Amino acid sequence: MNELNDLAIFGSTPAFAEPLHVGRPNIGNRERLLERVNNMLDRRWLTNHGPYVQELEQRIAAMLGVEHCIAICNATVALEIAIRAAGLTGEVIVPSLTFIATAHALQWQEITPVFCDIDPRTHNLDPCRVEDMITPRTAAIIGVHLWGRPCAVEALAEIARRHNLKLLYDAAPAFGCSHRGKMIGSFGDAEVLSFHATKFFNTLEGGAVVTNDDDLAARIRLMQNFGFEGYDRVIYIGTNGKMNEMSAAMGLTSLESLDEFIHVNYRNYKQYQRELEGIPGIQQITYDEAEKCNYQYIVLEVDQAYTGVSRDQLVDILWAEHVLARRYFYPGCHRMEPYRSYFPHAGLLLPETEKVVERLLSLPTGTAVGPDEIGKICQIIRLVVEHGPQVRERLQKLVVKESSYKCQKMNVYRSFP
Ligand SMILES: Cc1ncc(COP(=O)(O)O)c(C=O)c1O
């Protein structure tokens, strides 16, 4: 890949025959998984807090140093249950730069998500802005440890204490990460983890609420099983948030490979760092290596003033090469429905979020990607930026409408798992 004509977007063969996905699932030891599945089938205990779910809950609680881990069918339902069990109503302060589930889990129960701006250095809630968003209707703050980088937990705890607010964390991206030596999972009143297939540790679908609050944990446990206390005694409102045994079998198997997954993510992270270094306008977000980290996101900030091409043009170029880079979390929850209609001017209070969502780009990592692939991806990005203005000019002339590239892109979209 030496010249612009080598780029697939300008007619060359894509760099990769098969698409490279962001968030391709990591798979642990197959034999161990199949052994567990066979045991599960022999036992005929498929769900309803089976032995694998119990073991997974115990292992995660021990690993994170928390009193309670309640496994749930996914993190969205886990958020909904945690929010309800914490008794939230009215308004809750959340970032807009997050996966839509953070906001939906509130709105689903007719609680208003109030979007708060981020600190552009961390991409997490800016505690100085949080305080400005508090009204008499505010019940809580939900921070998101975006990319696995911890929120300003001390400052948020202080604000929550001063204003008598509950403090929850959407820790979906932050399983296995620590802050000042303490594992994510034990901050705030409760934290929610996601074990979705795209996360570095997965249970197919899955999630958990972790907390040190005994009463909250008891309510969450009831709520995720319809409020059943015994076989025919319902003492609380509830839903079906149970994790099944197949998911827990996957989770237990994935746990055995956790160190390996993190090692591969770290190796990939360092390679991207080395090979993208010095490219003008390309800034890879960094992790604090003194802390525990899952390194599951490779995130770039693209500054068009230096790259010559926009983030979106770079995404198109990468897609043409079958590198399915993602614009996480574009365009921000406040610009998605129903929030866009409810609060059409929310963006006025979110200047940093609005800037950052135009610049972010996530690249493939995990065990499905190796040094050769990463080397090629970095080479493509370097080539494009070295010829930024020329690339932009050629892209503007390109008739994308009927091009094979667009058809290819549509096919790739359709084949996305
Ligand atoms: C920040 C955040 N919150 C919530 C979720 C929802 O998780 P799940 O897919 O397990 O429901 C995700 C999933 O990607 C996420 O990234």
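For the structure itself, consult the block above.
Notes on the structure in this doc start here. (Residues numbered from 1 in each chain as written. Predicted model: local features only at pLDDT ≥ 70, side-chain atom pairs only at ≥ 80, totals over all residues. Heavy atoms only, no water.)

A few words on the packing of aromatic side chains. All told, the structure shown has 17 aromatic pairs when counted by the stated rule. Ring centres 5.6 Å apart and planes at 85° place the aromatic pair F115 and Y339 in the edge-to-face group. Placement of the pair is F115 in strand β4 (residues 112–116) and Y339 in helix α12 (residues 339–342), with a sequence separation of 224 residues. We classify F115 as buried; its relative accessible area is 6%. Geometrically, the ring pair formed by F226 and F228 is edge-to-face, given 6.2 Å between the ring centres and 80° between the ring planes. Counting every residue linked through ring pairs, the aromatic cluster contains F99, W147, Y297, Y328 and F329. Its end group placed over the ring of F187, K182 keeps NZ or CZ at 4.9 Å from the ring centre. If you follow R394 out to its NZ or CZ, it ends over the ring of F10, 4.1 Å from the centre. (Phe/Tyr/Trp six-rings, centres within 6.5 Å; stacked < 30°, edge-to-face > 60°. Helix = DSSP H or I, 4+ residues; strand = E, 2+ residues; numbered from the N terminus. Buried < 20%, exposed > 50% of the residue type's maximum accessible area, 1.4 Å probe, protein only. Lys NZ or Arg CZ within 6 Å of the ring centre and 35° of its normal.)

A few words now on the site of the ligand. Around the ligand there are 14 residues in total, and A75, T76, D170, S194 and K199 lie nearest to it. Between an oxygen atom of the ligand and a main-chain N or O atom of A75, the distance comes to 2.9 Å. Computed on the free molecule, the ligand has an accessible area of 390 Å², of which 93% lies beneath the protein chains in the complex. Among the secondary structure elements, those contributing two or more residues to the shell around the ligand are α3 (75–85) and α4 (101–107). Looking at the shell around the ligand residue by residue, the classes come out as 5 nonpolar, 7 polar and 2 charged. (Near = heavy atom within 4 Å. Polar contact = N/O pair within 3.5 Å; in protein donor to acceptor, adjacent residues only side chain to side chain. Areas by Shrake-Rupley, 256 points an atom, 1.4 Å probe, with all protein chains shown as cover. Nonpolar A, V, L, I, M, F, W, Y, C, P; charged D, E, K, R; others polar.)

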